[in-house]
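As a plain string of letters, each chain reads:
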Amino acid sequence: MSKWFERDGRGTVGTSGMSLEARPLSGALGERDLVASCRTGDAEAFARLVQLHEAMVVNLAGRLLGNVEEARDVAQEVFLQVYKRLAAFEGRSSLKTWIYRIAVNQCHNRRRFWHRRRRDRETPLDEQLLARPLPGGGPSAAASPYDETLRLERARRVQAALLELCFEHRSVLVLREVEGLSCEEVAVALGVPEGTVKSRLSRAREAMRRKLAGLLDGGSPR
Amino acid sequence: MTCQLVQERLSEWLDGELAMGVSLAVSEHVAACTRCARHSQELRAVTGLLAELPRLESVDPGAGPLALRLELAGGNRRPGLALLFRSFVAGRPHILPSLLTAAAILLLAIGAILAFDTGPLPEVRTTATWATAPVSGTEGNPLFPSAEVMPQQRAALAPEALQKDGEDSVFLETVVARDGSVAGVTVLQGDANVEQALIDALRQQRFEPVRYRGRYVAVSVYRLISRMEVRSPRT
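Note that the structure is predicted; figures quoted are calculated from it, not measured.

## As for the overall build of chain B
Link 1 in the chain: Secondary structure summary: chain B contains seven helices and five strands in total.
Link 2 in the chain: In sequence order, chain B lays out its α and β elements as α-α-α-α-α-α-β-β-α-β-β-β.
Link 3 in the chain: When each of the 235 residues of chain B is scored for burial, the buried share is 31%.
Link 4 in the chain: Sequence-distant contacts in chain B: of pairs separated by 6 or more residues, those separated by 24 or more amount to 60%.
Link 5 in the chain: Accessible area of chain B: about 15700 Å², with a carbon and sulfur share of 57%.

## What to know about the pattern of salt bridges
Link 1 in the chain: Applying the stated criterion across every chain, the model contains 18 salt bridges over all chains.
Link 2 in the chain: One salt bridge in this structure joins A:Arg154 and B:Glu52, with 3.7 Å as the shortest N-O distance. Remark: B:Glu52 occurs in helix α3 (residues 34–52) and A:Arg154 occurs in helix α6 (residues 145–164); the pair is interchain, linking two chains.
Link 3 in the chain: When its relative accessible area of 28% is taken as the criterion, A:Arg154 is described as partly exposed.
Link 4 in the chain: Assessed through its relative accessible area of 46%, B:Glu52 is described here as partly exposed.

## Section: the packing of aromatic side chains
Residues and elements named next belong to chain A.
Link 1 in the chain: Under the definition given, this model contains three aromatic pairs over all chains.
Link 2 in the chain: For the pair Phe89 and Trp98, a centre-to-centre distance of 4.9 Å together with 45° between the ring planes defines the contact as tilted. The burial state of Phe89 is the same as that of Trp98; both residues are buried.

## A closer look at the state of the cysteines
Residue and element names in this part refer to chain B.
Link 1 in the chain: Under the counting rule described, the total for this entry stands at zero disulfides over all chains.
Link 2 in the chain: The thiol of Cys3 is not disulfide-bonded; the next cysteine sulfur, from Cys36, is found 3.7 Å away.
Link 3 in the chain: When its relative accessible area of 24% is taken as the criterion, Cys3 is described as partly exposed.
Link 4 in the chain: Just so you know, Cys36 is unpaired, no disulfide at all, and the nearest cysteine sulfur is the one on Cys33, 3.7 Å from it.

## So, a nonpolar patch on the surface
Link 1 in the chain: The grouping of B:Leu106, B:Ile110 and B:Leu114 at the surface amounts to a nonpolar patch, some 310 Å² of accessible area in total.
Link 2 in the chain: Here B:Leu106 shows up in helix α5 (residues 95–116).

## Some details on the packing of helix α7 (residues 167–178) of chain A against α3(B)
Link 1 in the chain: Two elements in contact, α7(A) and α3(B), have axes separated by 9 Å at closest approach and are oriented at 80°. By the criterion of interaxial angle, the relationship of α7(A) to α3(B) is roughly perpendicular. Contacts from A:Leu173, A:Glu177 and A:Val178 of α7(A) reach α3(B) at B:Thr47, B:Leu50 and B:Ala51.
Link 2 in the chain: Here the contact of α7(A) with α3(B) is composed, by residue class, of four nonpolar, one polar and one charged.

## What to know about the confidence of the model for chain B
All names here are of chain B.
Link 1 in the chain: Looking at chain B, the pLDDT average stands at 71 and 55% of residues meet or exceed 70.
Link 2 in the chain: No element of chain B has a lower mean pLDDT than helix α4 (residues 66–72), which averages 51, and none a higher one than helix α2 (residues 20–32), which averages 90.
Link 3 in the chain: Taken together, the stretch residues 72–76 has pLDDT below 50 and engages in seven contacts with residues farther than four places along the chain or on a different chain.
Link 4 in the chain: Every residue in residues 126–135 is under pLDDT 50, and counting partners more than four places away or in other chains gives 15 contacts.
Link 5 in the chain: With pTM at 0.53, the complex prediction returns an ipTM value of 0.73.

How each quantity is defined
Residues numbered from 1 in each chain as written. Chains lettered and ligands numbered in written order. Predicted model: local features only at pLDDT ≥ 70, side-chain atom pairs only at ≥ 80, totals over all residues. Heavy atoms only, no water. Helix = DSSP H or I, 4+ residues; strand = E, 2+ residues; numbered from the N terminus. Buried < 20%, exposed > 50% of the residue type's maximum accessible area, 1.4 Å probe, protein only. Contact = heavy atoms within 4.5 Å. Areas by Shrake-Rupley, 256 points an atom, 1.4 Å probe, with all protein chains shown as cover. Salt bridge = Lys/Arg side-chain N within 4 Å of Asp/Glu carboxyl O. Phe/Tyr/Trp six-rings, centres within 6.5 Å; stacked < 30°, edge-to-face > 60°. Disulfide = S-S within 2.5 Å. Patch = residues over 30% accessible without salt bridge, like charges linked within 9 Å, V, L, I, M, F, W, Y side chains within 5 Å. Axes fitted to C-alpha atoms, helices over the stretch in contact; angles between N-to-C directions. Parallel < 35°, antiparallel > 145°, perpendicular 65-115°, else oblique. Nonpolar A, V, L, I, M, F, W, Y, C, P; charged D, E, K, R; others polar. pLDDT = per-residue confidence, 0-100.

Structure below.
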């Protein structure tokens, strides 16, 4: 495996400081080649595809489901679906957006699966994991313990508020704000018109503003 | 532009998604209105808080690469016949294979029924009267009792009936059981005075048991008894 594809913990790759987007592989041509290789049954190409998108899928699923273990489990389901359906990928959207769409659908299915079994209201034990920074990295690695504690508590409250939203609002907010997709990409990933994305985004932000009123006033987290 | 209208557009304004004119109007309002300015700052802070959320670890440090786990999880394997026989009450049943299984079982059941069926039952004439029916026990009328074993029965008629002369008629339904005995007699039409005596007499009758396809069956016999002579014992 090439060193190009070592993950640096923020969803980008590269040991020489270049972002993933700058690499030929992630461009339109590179993506097409990768998909074509995967279609021919190239196991190494598929491993590369998984490695490129695994972090974003786990992060998305974790934020949508509020449970890290569930997120990792869903990630496996997502890549199984990608593997099975890659032949049907027409390239009308980017591979990343397509995978996002599969991931959101899988999370939705998983949520309904637990909802039917009345287990969706259980409190996950890994709340701290959802707020935990990646080992050996992150922007706050050099912060003081007090600041770090405050930051983790803030993240915990934001995640808790996120989980109180309905799935539609949560998914649009995570894709837009956490994953940084454009409204157009979010629309493709969710399979809804762009106008719907904007209205959902507006309502979701408003709901978060009300839920996080204490934090936004400048008050320290409880 | 009112505060409400501005606040409805703040999200798109922050994203730079508004048209030039509308965006300018919102900017001017936000610059002049402290309430809307604070609202927009809070929305901006919300987006900042969400963007600050730490990225989650993609893999469990103790586990192998996801691609390897995918392979172990059966990514390349076909489910095979297990799909067909997955239980209906399984946690996540496959709906289509379950329906196929159910359809196959249904077809087998229908096939078994058709295989053992030897054809429709012949039509039973329930309205035929004794007078117009073909001779009993013949090929054209197999379901009629062939012969009465004890045809000579005497009816002990009621005194009122004995005083009466002339003709009379009674329409009866007699149910002949599988052993040839009379299971029941119902007077469908007739004189009430002679009913009970006739019924008692007819209940004593015995018929040749009726067989249909090798099995004894119960049949109903409709009889019109007419021109009954009523004589006084003195004469």
